[in-house]
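# Chains, contacts and geometry: an overview
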Amino acid sequence: MSERLARHSEVSKMARQPRPRLTLDIADIPTYAIGDIHGRYDLLVKAEQAILRDAARLPGRKLIVTLGDYIDRGPESAQVINHLIEPPPDGFDRICLAGNHEIAMLDYVEGWLSYDDWMRMGSAELLKSYGLDPEHLPLVFPSGAQLDAFLRQSLPHTHIDFMRAMPIMLDTPHVVFVHAGIDPMLPLAAQTEEDLVLIRHRFLQSRIPLPKLVVHGHTPNDEPEVRARRLNLDTRAFRSGRLTVARLWEGQVHLFST
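Residues numbered from 1 in each chain as written. Predicted model: local features only at pLDDT ≥ 70, side-chain atom pairs only at ≥ 80, totals over all residues. Heavy atoms only, no water.

### Observations regarding the pattern of salt bridges
Under the convention used in this document: In what follows, salt bridge is the name for a side-chain nitrogen of Lys or Arg lying within 4 Å of a carboxyl oxygen of Asp or Glu. Secondary structure follows DSSP: runs of H or I at least 4 residues long count as helices, runs of E at least 2 residues long count as strands, and numbering of each begins at the N terminus. Partly exposed residues are those whose accessible area sits between 20% and 50% of the maximum for their type, while under 20% is buried and over 50% is exposed, using a 1.4 Å probe and protein chains only.
Enumeration according to the criterion identifies 16 salt bridges in this entry. Linking D54 and R247 is a salt bridge whose minimum nitrogen-to-oxygen distance equals 2.9 Å. Of this pair, D54 sits in helix α2 (residues 41-55) while R247 sits in strand β10 (residues 244-249), and the two are 193 residues apart along the sequence. Accessibility assignment for this pair places D54 and R247 in one class, buried. Taking the shortest distance from any N to any O, the salt bridge between D161 and R164 comes out at 3.5 Å. Here R164 and D161 lie together in helix α8 (residues 157-164), a separation of three residues that amounts to about one turn. Counted as one network, the salt bridges with shared partners bring together E110, D161 and R164.

### A short note on helix α5 (residues 115-129)
Keep this limit in mind: Under the convention used throughout, the expected extent of a helix is 1.5 Å for every residue step, that is, one less than its residue count.
With 15 residues, α5 should cover 21 Å at 1.5 Å per step; its first-to-last C-alpha distance of 17 Å lies more than 12% under that length. Those residues of α5 that fall on the buried side of the exposure criterion are Y115, D117, W118, M119, M121, S123, L126, L127 and S129. Directly beyond the C-terminal end of α5, a positive phi value near 80 degrees is found at G131.

### So, the environment of Q49
Secondary-structure assignment places Q49 in helix α2. Classification of Q49 by relative accessible area gives partly exposed; the value is 41%. Between the C-alpha atoms of Q49 and E102, which are 53 residues apart in sequence, the distance is 25 Å.

### As for the pairing of strand β3 (residues 62-66)
Using the following cut-off: For two strands to be treated as a pair, DSSP must find no fewer than two bridges joining them.
The element β3 is largely enclosed, with a buried count of five among its five residues. Along β3, one buried face is formed by K62, I64 and T66 and the opposite face, lined by L63 and V65, is buried too. Two elements, strand β2 (residues 31-34) and β3, share four bridges in a ladder whose sense is parallel. By the bridge assignment for β3, Y32 is matched with I64. Sheet topology places β3 next to strand β4 (residues 92-96); five bridges connect them, and they run parallel.

### Concerning the packing of helix α4 (residues 100-110) against α8
Selection criterion: Each axis is a line fitted through C-alpha atoms, and for a helix only the stretch in contact is used; angles between axes span 0 to 180 degrees, taken between their N-to-C directions. Orientation is classified from the angle alone, with under 35 degrees giving roughly parallel, over 145 giving roughly antiparallel, 65 to 115 giving roughly perpendicular, and any other angle giving oblique. Note on convention: the crossing is left-handed when the near helix lies turned anticlockwise from the far helix by less than a right angle, right-handed when the turn is clockwise. Here, residues are in contact when the closest pair of their heavy atoms is within 4.5 Å. Each residue receives one of three labels: charged for Asp, Glu, Lys and Arg, nonpolar for Ala, Val, Leu, Ile, Met, Phe, Trp, Tyr, Cys and Pro, and polar for the others, Gly being one of them.
Look at α4 against α8: their axes get within 10 Å of each other, and the N-to-C directions meet at 120 degrees. Our classification of the angle between α4 and α8 gives oblique. Crossing handedness for the pair α4 and α8: left-handed. On the side of α4, the interface is formed by E102, M105, L106, V109 and E110, while α8 contributes I160, M163 and R164. A class-by-class count of the residues in the contact of α4 with α8 yields five nonpolar, no polar and three charged.

### Considering the sheet that holds strand β7 (residues 213-216)
Pairing is mixed across the open sheet formed by six strands, whose spatial order is β1-β5-β6-β7-β9-β8. The open sheet has two edge strands, β1 (21-23) and β8 (225-226), and neither has a second partner. Across three bridges, the pairing between β7 and strand β9 (residues 230-232) is parallel. When the bridges of β9 are listed, V215 appears paired with L231.

### Quick word on the environment of A104
Position of A104 among the secondary structure elements: in helix α4. Separated by 149 residues in the primary sequence, A104 and V253 have C-alpha atoms spaced 31 Å apart. Contacts of A104, omitting those with residues within four sequence positions, involve L113, W118 and M121.

### Some remarks on the UniProt feature "domain: Calcineurin-like phosphoesterase" (unreviewed entry) in the protein chain
The cut-off we apply is this: UniProt positions are given in the numbering used here, feature names are shortened, and annotations may be inferred rather than shown by experiment.
The positions that UniProt labels "domain: Calcineurin-like phosphoesterase" (unreviewed entry) are, in the present scheme, residues 30-226. Between the first and last C-alpha atoms of residues 30-226 the distance is 19 Å; the span itself is 42% helix and 13% strand.

### Description of unusual backbone geometry
At H38, a residue that is not glycine, the phi angle is positive and equals roughly 45 degrees. By relative accessible area, which is 3% here, H38 ends up buried. The phi dihedral of H218 is positive, around 80 degrees, even though this residue is not glycine.

Shown next as structure tokens:
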């Protein structure tokens, strides 16, 4: 993270309202976790179709947990959010966790992140998905304040409200779902929102045993990263065309990709 974005992060985290942290016992619930989507609506639809096929033989209601970063970089951010706002497939519940890209979009809307810094996160593709031209708009609105006001008015309020309501963690007896990871030095109850959506090295390189299986994304890999207490599902969907899903059921993890 650049020094400028780091300063923004320090300011905005003080101004944000705390996000919900959910607790749920999924022992009897087949649960499907989906990695970072980043505007690949086509892959999200395929992933849900694959989940439906897989779940057809399993009992009871099922749960889909999306791990954040639904927007930016890929071509169809608006379509992804539209889809996630709609009810989940029949027989399923769905929990959409916040990722750092959703939080950055909200920070721009709230005035805590500049347009230029927001664009550095791959948000030009997001604007295109809403029918907005990120190259032409600065010419129409030479004043940064005018451009910001126009964009903040143009982005759908239903999408903004949906992102504002996203929880930041789902904690279960044996598995915790987050966007980026956890600080291994702290108990789950003491985790900061900053770490839950941004942490990398202190989490990925730590030798401290994790308290339970952590299912996350945020750090892209060519393949899903499967460790004893860590499962990374970010497989660069926006670039690779591969969106990874994990099914957690009866103490077992099964991976498949679209």
